[in-house]
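Breakdown of the fold
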Amino acid sequence: MTSLPVHTAASAQAVMDLESAYLLQNYSRYPLVLKRGKGCWLYDIDGRRYLDLISGIGVNSLGHAHPRITRVIREQAARLIHSSNLYYHEFQGPLAKILCETSGLDRAFFCNSGTEAVEGAIKMMHAHGRRISPEKTEIVALENSFHGRTIGALSLTGQPKYRQDFEPLMPGVRFVNLCDEPAFEQAVGERTAGIIVETIQGEGGIYPISPQWLRRARELADRHNALLVFDEIQCGIGRPGAHFAYQLHEPPILPDIVTLAKPIACGLPLGAIVANTKAAQSIAPGMHGTTFGGGALACRVALEFYDILDELMPQMRRVGAYFFERLKQLQRRYSFIRDVRGFGLMIGVETDFPCKHLVAEGMKEGLLFNVTHDRVIRMLPPYILTEKEVNKAIAGLNRIFRRV
Ligand SMILES: *Cc1c(COP(=O)(O)O)cnc(C)c1O
């Protein structure tokens, strides 16, 4: 195959120099220029290989260059990529049906990103509340949460570092601390239109919310006729070893709305809101929409992903449990490891010191992971991870920890 002339710079340094001259300086990237990937492995511009344990922050669910995904993208790109929501195409309906059947909810809406899914959920909460009373527009959210970067989603994000430069944000949001149940009880009332919870807090450091707390949220939402939203943009769609993290508990705790995005289209931008009939009724024709959302290409890829997911789920549970156990072994060896927590293929390793610098150490060992919440090494590997790759990861982590 001859290579096409593309306007890219030749060396890693040239790539970084061009970006630093012309890009908004909002990211502090690691000095790594990626070129291609295969399975759980990524290759940089100089041909060095890295085991991908973060998968584009939980997005590349089937790793890189998955043959079935690549084939479907080629095929669909040659037929129809986008047609707007003025018309029908073949793929939104079947995908919505899968989302409804796996979630236990009734209706889906497609958008392009996590934050856009949260924005839609905010509109549903507000519309639901206002139909009952003009004062019923408050939303209760959790401290240490992350719901996205647009103004509405940011207003629900309970971490000052993301918010402080952009205030004033959307009014009417009350934050409660996970450990303060009386305050939670007090915060929810007549004026509450909705409660939003990340079932497993991701950016906040991989903190699973307890089933007791989730049940309390369900009860309070019901008592005050508020909508309960679970944000499973990071922790949903198979990653926790179940379709949704709220299904990990027995009996499952159903939300009124679940927001989704990251892994659903294997790297293509696609988000979704899935709602029960009650929540879905808050939106009438004309009240909400999107130009790009739910395009034919993204939806077809998501359908292919779901076709693969069912076969993959047993392996994900097995490899996730194995990874967890091996990390627990490291915890027993290194006293600075305070905790290992998570479900399935969403695992956090908490250290008793700020550990951002370990990301660079990981890169030297050929491992890509990130650090969130200052002290938590976060693993969000592709769903196709194997035991053999876990062994490689553990060997590399062991070398890193030995140098600490
Ligand atoms: C990533 C994330 C978002 C925001 O998603 P974007 O696609 O970056 O807008 C919202 N909520 C949770 C829980 C997330 O992890």
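Residues numbered from 1 in each chain as written. Predicted model: local features only at pLDDT ≥ 70, side-chain atom pairs only at ≥ 80, totals over all residues. Heavy atoms only, no water.

1. Digging into the domain arrangement of the chain
Here the chain is partitioned into domain 1 (12-65 + 312-403) and domain 2 (71-307). Relative to domain 2, the C-alpha centre of domain 1 lies at a distance of 26 Å. Each side of the interface is counted separately: domain 1 has 26 residues, and domain 2 has 27 residues. We note a salt bridge from Arg378 to Glu203, for which the minimum N-O separation is 2.9 Å. For the pair domain 1 and domain 2, the number of links is 14 residue pairs in polar contact (both at pLDDT 80 or more). Secondary structure elements with two or more residues in the side of domain 1 that touches domain 2: α2 (55-58), α11 (296-333), β13 (337-343), β14 (346-351) and β17 (376-379). The greatest single-element share of the side of domain 1 that touches domain 2, amounting to four residues, is contributed by β14. For the side of domain 1 that touches domain 2, the per-class residue count stands at 13 nonpolar, nine polar and four charged. (Domains from an automatic or database assignment. Contact = heavy atoms within 4.5 Å. Salt bridge = Lys/Arg side-chain N within 4 Å of Asp/Glu carboxyl O. Polar contact = N/O pair within 3.5 Å; in protein donor to acceptor, adjacent residues only side chain to side chain. Helix = DSSP H or I, 4+ residues; strand = E, 2+ residues; numbered from the N terminus. Nonpolar A, V, L, I, M, F, W, Y, C, P; charged D, E, K, R; others polar.)

2. Some remarks on the pairing of β17
Burial along β17 is two-sided: Val376 and Arg378 facing one way and Ile377 and Met379 facing the other are all buried. The sheet contact formed by strand β16 (residues 370-372) and β17 spans three bridges and is antiparallel. The residue bridging Asn370 from the neighbouring strand is Arg378, located in β17. A loop of three residues connects β16 with β17, the two strands running antiparallel in sequence, and His373 in this loop sits at a positive phi of about 55°. (Buried < 20%, exposed > 50% of the residue type's maximum accessible area, 1.4 Å probe, protein only. Pairing = 2+ DSSP bridges.)

3. Let's talk about the packing of α11 against helix α13 (residues 387-403)
To describe two helices that pack against each other, one gives the angle between their axes and the distance between the axes. Contact geometry of α11 with α13 gives a least axis separation of 10 Å together with a crossing angle of 20°. The orientation of α11 with respect to α13, classified from their angle, is roughly parallel. Once α11 is placed against α13, the crossing between them reads as right-handed. Side by side, α11 and α13 meet where Arg318, Val319, Tyr322, Phe323, Arg326, Leu327, Leu330 and Arg333 of the first sit next to Glu387, Val390, Asn391, Ala393, Ile394, Leu397, Asn398 and Phe401 of the second. A breakdown of the residues in the contact of α11 with α13 according to their chemical character gives 10 nonpolar, two polar and four charged. (Axes fitted to C-alpha atoms, helices over the stretch in contact; angles between N-to-C directions. Parallel < 35°, antiparallel > 145°, perpendicular 65-115°, else oblique. Left-handed = near helix turned anticlockwise from the far one by under 90°.)

4. Regarding the packing of aromatic side chains
Throughout the structure, instances matching the rule amount to 10 aromatic pairs. Taking 4.2 Å as the distance between ring centres and 10° as the angle between the ring planes, the aromatic pair formed by Phe184 and Trp213 counts as stacked. Of the two residues, Phe184 sits in helix α8 (residues 181-187) while Trp213 sits in helix α9 (residues 211-223), which places them 29 residues apart along the sequence. The exposure classification of Phe184 matches that of Trp213, with both residues buried. Here the aromatic residues Tyr334, Phe336, Phe353 and Phe401 are joined through ring pairs into a cluster of three or more. Across the ring face of Tyr43, the terminal group of Arg36 is positioned such that the distance to the ring centre comes to 4.2 Å. Of note, Arg49 hangs over the ring of Trp41, and the distance from its end group to the ring centre comes to 3.6 Å. (Phe/Tyr/Trp six-rings, centres within 6.5 Å; stacked < 30°, edge-to-face > 60°. Lys NZ or Arg CZ within 6 Å of the ring centre and 35° of its normal.)

5. What about the site of the ligand?
Taken together, Ser113, Gly114, Thr115, Phe146, His147, Gly148, Glu198, Asp231, Ile233, Gln234 and Lys262 are the residues near the ligand. In this structure, an oxygen atom belonging to the ligand sits 2.8 Å away from a main-chain N or O atom of Gly114. For the ligand, whose free accessible area comes to 380 Å², the fraction covered by protein is 82%. Of the residues contributing to the shell around the ligand, the split by class is two nonpolar, six polar and three charged. (Near = heavy atom within 4 Å. Areas by Shrake-Rupley, 256 points an atom, 1.4 Å probe, with all protein chains shown as cover.)

6. Looking at the side chain of Thr290
Checked against the element boundaries, Thr290 lands in the loop between α10 (277-280) and α11. A distance of 3.3 Å separates the side chain of Thr290 from the side chain of Asn112, its partner in a polar contact. Look past the residues within four positions of Thr290 in its chain and what remains in contact with it is Asn85, Phe109, Phe110, Cys111, Asn112 and Glu116.

7. Considerations on the environment of Ser20
Assignment of secondary structure puts Ser20 in helix α1 (residues 12-22). Along the sequence, Ser20 and Leu156 sit 136 residues apart, while their C-alpha atoms lie 32 Å from each other. Here the side chain of Ser20 touches Asp17 through a polar contact of 3.1 Å, landing on its backbone oxygen.

8. Quick word on the sheet that holds strand β3 (residues 49-52)
If you trace the four strands from one edge of the open sheet to the other, you get β1-β2-β3-β15, paired in mixed fashion. Each edge of the open sheet is held by one strand with a lone partner, namely β1 (34-38) and β15 (367-368). The pairing of β3 with β15 spans two bridges and is classified as parallel. Bridge assignment links Asp52 to a residue of β15, and that residue is Leu368.

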